[in-house]
Amino acid sequence: MRKRMSILAGALAVGLALTGCSSGGGGESDPENPDQVEVFTWWASGSEKAGLDSLVKEFNSQYPDIEFINAAVAGGAGSNAKAALASRLESDNPPDTFQAHAGAELSDYIAAEQIQDLSGLYEELGLTDVFPADLIDRLTVDGKIYSVPSNIHRANVTWVNTQVLKDAGLDPTKAPEDIDAWISDLQKVKDSGVDAPLAIGTEWTQMQLLENVLIADLGADGYAGLWDGSAAWDSDGVKTAVDHYAQLMEFVNQDYAGLDWDAASQIVIDGNAAYNVMGDWAEAAFTQAGQTWGTEYTTWPTPGTDGIFDFLADSFTLPVGAPHEQAAKDWLTTISSAEGQKAFNTVKGSIPARTDADPADYGEYQQSAMTSFADDTIVSSLAHGAAAPIAWSSDISSAVGKFGSDRDQEALITALVAAAESALS
Amino acid sequence: MRKGIRNWGPPVLLLTPSLILVAIFVYGLIIANIQTSMTDRHSLASEGAFVGFENYITLLTESRFLHSLLNLAVFTVVFIVGTMVFGFIWAWLLDKGVKAEGIFRSVYLFPMAVSFVASGVVWRWLLNSAEGDRASGLNRMLQTFGLDFLQNSWWNEPIWGMAAIAMPAIWQLSGYIMALFLAGFRGIPDELREAARMDGASEWKLYRHVIFPQLSPIALSALIIVSHMSLKVFDLIMAVTKAIYQTEVPATYMWIALTENDYAKASAIATVLLILASLFIIPYLIHTMREEKRSS
């Protein structure tokens, strides 16, 4: 008996050890060898990994002599990767280029002089002409541009299960006018027997919903003002938005705090909820479940945000002291090229940052997103690092998480004001 | 003189490397950490000027940190009481004599072989807070047995949620406490019990006056071991809930502060944790030192 037990224990230990091992990809970075580029991302699985692979293929054909070294660190939305990156930068051992959300999230690296000004590269490649002016504005800090976007995502999309809406007697093709109309629709769906009509997940997805409500209630300018200090966080507009947000949270699934976005989308896919607010990367989850846009599911800009594009982008940087600077610039060139953007975005499900991309290469949803990106007012997403520096968005995330457990509107507004004060001081 | 060196030379030579390593990587880094915690290094860019205890004052007046301390307190109390009670009861039952003791011992000890991270993944599912149609894990089990009223949102509860997170920790460590207590029970010579019985002690009096006093050093070590594990709890929470507000404890808050590049705040939290742990450890060290002196 004892022997069998120990064999079992041994087998379990081996199993644990195996799952603990991470897969190291590619070779080692060698500073002496100029024909290498070490690229740090958190694209380690799913459509993101497929997109990166496709991008690398394009890079290899543009620069056949340069060896690509994958330094991807797995983990949800880059949380592990950011910690790993911070320790590498701290010890002056930067990768040749690393992935970061474009916009305010870069401000810490810029202030610490850890990444280089890429304005020269933009001029050399003529990128200022092919990226939309709104985007260039968001990438520019004190007249300098520090990163090259590889893709654009939209964060104010509501995903709708058409059958659940039809069962409640609602027309899924028509989006409610504003948040109030949406809330009354949610009530109708609830009355039709759906316990939790609005699916939601963990802290950052709640933060994304709040951000959507803020955009809907304050409009693009009012929302943008929150981030540069020109609009107050205790204004009536914000209070209305928080009240709306609190009402929306009355319609959500109980187990939200433990769900990541994909689990929340799955609730809509399964027909246990009518709506989910998520970025356009959720498209892949719906199509992989065998659903077609317009039949089983449909999308709208979140009620009240029609005509506004809540933007976020992944981008690549050039760290100070990158061991293979020229090769890193070659990588950035590939990313910004029309072919590179096509290789990545057609696979990942996002849209290209370049305005000269051919819509015919992309799917139906992506085409509509490309039109919106070209025509709509663009605002920066809070939940995805475009609107506020890391410390600020992390404070908001915690305040939203607290609200999720105590539902105290006053406390939420106080916390939002305090977060803004400490960030803008 | 030469004989002297022969006597103490080799042991010192053997100990030196580890002494140097401990001095640098434990005590040196503790000092470096305290130093950082007294600067204003709140971002990648800032130099870190000396600000004294400012970070500690901000921390201890910040509702978020106090919330994490409260969470930790709830967790610690439930975890310690749970492991001690279950560990003791199991050890007592085994000591009373059950059939196939070996099997029970292995069954109870086995969870300790699994890491918090690995068991946390399972408990994440077991403690799923969905109720009704979408229930899974424990809530689904309660439904199946017709105990619907016991369904709850587990760790998503504002105050008592941390008690739910303590369940996996209790499950994991009760067996270890059981092993400690069992060793204690076995260490008490049968003659003592027999003598007590001869003197006419009832079963309760036997435990009260003969067995419990002999077990108290073991209970104390067990208490110290689980309490310092509880103060450091990080992996279990990251595995079950990830770093979110509802289940925030100082260790996960420290990690968040670090990923925000707020080095000063992170190291201040680390120092607070060190002080909390030493509140438990130092009395224990003093106690054992006294015991050793007494016995030598």
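Read on for an overview of the structure. The shown structure was predicted, so the numbers you read here are calculated from the model rather than taken from an experiment.

### Re the interface of chain B and chain A
Argument step 1. Taken together, the contact pairs 30 residues of chain B with 36 residues of chain A.
Argument step 2. In total, about 2800 Å² of surface goes out of reach between chain B and chain A, with carbon and sulfur atoms giving 56% of it.
Argument step 3. Of all residues in chain B, L44, R134 and Y245 of chain B give up the largest surface area on contact with chain A, accounting jointly for 22% of the area buried on that side.
Argument step 4. Here chain B is connected to chain A by two salt bridges.
Argument step 5. Across the pair R64 of chain B and D395 of chain A runs a salt bridge whose closest N-O atoms are separated by 4.0 Å.
Argument step 6. For the side of chain B that touches chain A, the secondary-structure elements that each account for two or more residues are α4 (101–109), α5 (116–126) and α11 (250–259) of chain B.
Argument step 7. Of the residues belonging to the side of chain B that touches chain A, the class tally is 16 nonpolar, seven polar and seven charged.

### A few points about the nonpolar core
Argument step 1. Core analysis: the largest hydrophobic core is formed by 105 residues, its most contacted members being W227, W233, Y275 and I396 of chain A.
Argument step 2. Sort the elements by how many residues they give to this core and helix α7 (residues 161–187) of chain B lands first, with 12 residues.

### Topic: the pattern of salt bridges
Argument step 1. Throughout the structure, instances matching the rule amount to 22 salt bridges over all chains.
Argument step 2. Here R407 of chain A makes a salt bridge to E250 of chain A, at a shortest N to O gap of 3.6 Å. Here E250 of chain A lies in the loop between α11 (236–248) and α12 (261–269) and R407 of chain A lies in the loop between α17 (390–406) and α18 (409–424), a separation of 157 residues in the sequence.
Argument step 3. Taken together, the shared-partner salt bridges connect D95, E101, R105, R186 and R193 of chain B into one network.

### Details of a negative patch on the surface
Argument step 1. A cluster of acidic residues, E177, D178, D180 and D306 of chain A, forms a negative patch at the surface.
Argument step 2. Mapped onto the elements, D180 of chain A comes out in helix α9 (residues 179–191).

### As for empty space enclosed by the protein
Argument step 1. Scanning the entire structure with this criterion turns up four cavities of 30 Å³ or more.
Argument step 2. In this model, the largest cavity occupies a volume close to 70 Å³.
Argument step 3. Lining the largest cavity are K82, A83, A86, Y109 and I390 of chain A together with L44, T259 and N261 of chain B.
Argument step 4. Top element by residues in the lining of the largest cavity is helix α3 (residues 79–90) of chain A. It accounts for three residues.
Argument step 5. Of the residues that constitute the lining of the largest cavity, the class distribution is five nonpolar, two polar and one charged.

Here is what the cut-offs are and how they apply
- Residues numbered from 1 in each chain as written.
- Chains lettered and ligands numbered in written order.
- Predicted model: local features only at pLDDT ≥ 70, side-chain atom pairs only at ≥ 80, totals over all residues.
- Heavy atoms only, no water.
- Contact = heavy atoms within 4.5 Å.
- Buried area = accessible area lost by both parts, 1.4 Å probe.
- Salt bridge = Lys/Arg side-chain N within 4 Å of Asp/Glu carboxyl O.
- Helix = DSSP H or I, 4+ residues; strand = E, 2+ residues; numbered from the N terminus.
- Nonpolar A, V, L, I, M, F, W, Y, C, P; charged D, E, K, R; others polar.
- Core = buried A, V, L, I, M, F, W, Y, C linked by side-chain atoms within 4.5 Å.
- Buried < 20%, exposed > 50% of the residue type's maximum accessible area, 1.4 Å probe, protein only.
- Patch = residues over 30% accessible without salt bridge, like charges linked within 9 Å, V, L, I, M, F, W, Y side chains within 5 Å.
- Areas by Shrake-Rupley, 256 points an atom, 1.4 Å probe, with all protein chains shown as cover.
- Lys, Arg positive; Asp, Glu negative; His and termini not counted.
- Charge placed at Lys NZ, Arg CZ, Asp CG, Glu CD.
- 1 Å grid on protein atoms, 1.4 Å probe; cavity = no way out; pocket = protein on both sides within 12 Å on 5 of 7 lines; lining within 4 Å.
- Points joined across faces, edges and corners; volume = space filled by probe spheres on them.

Any functional reading would require information that these geometric values do not contain.
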